[in-house]
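# Fold and geometry: a report
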Amino acid sequence: MTGSERGTAGAHDPVDLAAMRADVSAGALITDADVLAAHSQDRAPFCTAGRARALVRARSVEDVRAVMRFAHRQGVPVVPQGARTGLAGGANAVDGAILLDVSGMNRILNVDPVERTCTVEPGVVNQDLKDHVHSFGLAYPPDPGSVAISTIGGNVATDAGGLCCVKYGVTRDYVRRLRVVLADGELTTLGRPTAKGVAGLALSQLFIGSEGTLGIIVEIELDLVPALPPPVTAVALFPAQSGAAETVSAVAAAGYRLSMVEYLDRTTMGILQDYRDFGLPAESGAMLLVQSDGDGDTGRAHTDLQAFEGVAHERGASEVWVSDDPAESEVLVAARRAVNPAFEKFTHARGGGQFIDDVCLPLGALRRFFEELDRLAAQYPDVVIANSGHAGDGNMHPCVFFDAADATAAAHAQLVFDELMALGLELGGTITGEHGVGGLKRSWLARELDPVAQDLHLRVKQAFDPRGILNPGKMLADLSPQGTA
Ligand SMILES: Cc1cc2nc3c(=O)[nH]c(=O)nc-3n(C[C@H](O)[C@H](O)[C@H](O)COP(=O)(O)OP(=O)(O)OC[C@H]3O[C@@H](n4cnc5c(N)ncnc54)[C@H](O)[C@@H]3O)c2cc1C
């Protein structure tokens, strides 16, 4: 059945946008083909983008409502967009879509020091929010690697994680209330107004991680915490990556409340050193970068890290340094944060092909995962695999580099991607810990969810978006109703 037969506009059916132009802010509606093309992709590899019919740079909730009312009437697909830093193709255009860019709705509306909350528009950049609430002695902890460029709306829509989530949790843990524009343009508020609240179903939770498939998030009330205490930092170097994996499990089992547990393998350290001299020894097999803030008690932070040092040495660490000098800690964390630009430089030098994957594993499976990465690297010598990630959560980001002009290498990179997905599931993990499903992993979501869960997902989607106009072809697109799989 075509879109037109369902009463929705086919991708190439003409749609008169004049009615929408009259209802949105002046200049918000753009149809210039070059501008549309420039807005049609996020940062995901292997994901095609369709041809959008329009871009709306929304400036207000009323703009968003006008777009959704129009799209619902006409049956036109809508792709919500934040800063398009996504790594799963979630913000990519689909054919005939209106791209609904909410990054310009970027006001911080309120900070309430008594409730310890803030209310923001979806386009506020995560780091800008952190800086703003810091002046109130408060903190918003979730810190994706894209903290300086991604939006809170995008973070909520993907349930973004990050470096400190091992102790402070992910975006979901901070969302108190959402205002959302539904598929037909209706506006509603979901969540709780108070620190506690159990009135009705927790529908706001459905929107967190929904990747633009259920509605447009137009306002977000977030819980805050007191400003985070300065951490003590430690680095442990291991001749073998198995030692790092075992240390992560042992530290978790011992119950130390570390606020960061990051992993870098030998290849990643080499790429980082080539990018800038961080003093990382090329001969080490793996590195753990950990922090403890001791809940504000420096003595306890030191005790945590001394315990970490002992555990790491028992598991074969060749060196462990501990530092409570904030400047030195910052340099070490900067090295971790430099992984992404270092990878970009390496990518260009290696022929331009790269993807960063995202699997989350039970901690006990990390060692086997590392071994399998070695096997894949040996099996496909025309790709380079560098592994790093949030080891304390079991969330690994193997990055695969290949020469994009070499069709065999590109095919091998795709095979590695598929093997990593299969491996994640085989080891009892999930296909995505934080980057989301988007277009990239939609077929893998169908493998992760059982038939009943798939059917439930589709029924929820049907309830919120009966015409199927919100981000079609993404996340839920390969799921089957029960009885048809
Ligand atoms: C260098 C780099 C490092 C990264 N590190 C991390 C990391 O450590 N942890 C992590 O979790 N992610 C990370 N990411 C991925 C990405 O930054 C996150 O997924 C982020 O949350 C996306 O935010 P965005 O504003 O760019 O959203 P977009 O990419 O624009 O959109 C992401 C998804 O959310 C939907 N969406 C966006 N805004 C709204 C809205 N207001 N209402 C409804 N749906 C919406 C879109 O349709 C899309 O499906 C990284 C990306 C890069 C480039």
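Right above here is the structure, for reference.
Basis of the calculations
- Residues numbered from 1 in each chain as written.
- Predicted model: local features only at pLDDT ≥ 70, side-chain atom pairs only at ≥ 80, totals over all residues.
- Heavy atoms only, no water.
- Core = buried A, V, L, I, M, F, W, Y, C linked by side-chain atoms within 4.5 Å.
- Buried < 20%, exposed > 50% of the residue type's maximum accessible area, 1.4 Å probe, protein only.
- Helix = DSSP H or I, 4+ residues; strand = E, 2+ residues; numbered from the N terminus.
- Contact = heavy atoms within 4.5 Å.
- Pairing = 2+ DSSP bridges.
- Axes fitted to C-alpha atoms, helices over the stretch in contact; angles between N-to-C directions.

### A word on the nonpolar core
If you look at the biggest cluster of nonpolar residues, it comprises 58 residues, and the most contacted ones within it are Leu288, Phe308, Phe369 and Met396. Ranked by the residues each element gives to this core, the list is headed by helix α14 (residues 407-426), at 7 residues. In terms of nonpolar packing, the next biggest core, distinct from the first, is built from 29 residues, Val124, Val133, Ala139 and Val156 among them.

### A short note on the side chain of His39
Tracing the backbone through its elements, the reader meets His39 in the loop between α2 (33-38) and β2 (54-57). With a relative accessible area of 10%, His39 lands in the buried category. Each residue touching His39, except ones within four places of it in the same chain, is listed here: Leu55, Arg57, Gln81, Arg84, Leu99 and Asp101.

### Regarding unusual backbone geometry
Backbone geometry places Arg116, a non-glycine residue, at a positive phi of 55°. Tracing the chain through its elements places Arg116 in the loop between β5 (108-112) and β6 (117-120). A positive phi is found at Glu211, a non-glycine position, where the angle reads about 55°. By the element assignment, Glu211 lies in the loop between α7 (203-207) and β10 (216-223).

### Considering the sheet that holds strand β16 (residues 352-356)
What the 3 strands build is an open sheet, ordered β16-β21-β18; its pairing is antiparallel. Only two strands of the sheet have a single partner each, and these edge strands are β16 and β18 (384-386). For this sheet, the mean inter-axis angle between neighbouring strands, taken without regard to orientation, is 20°. Across 5 bridges, the pairing between β16 and strand β21 (residues 399-403) is antiparallel. Its bridge partner lying in β21, Gln354 is registered against Phe401.

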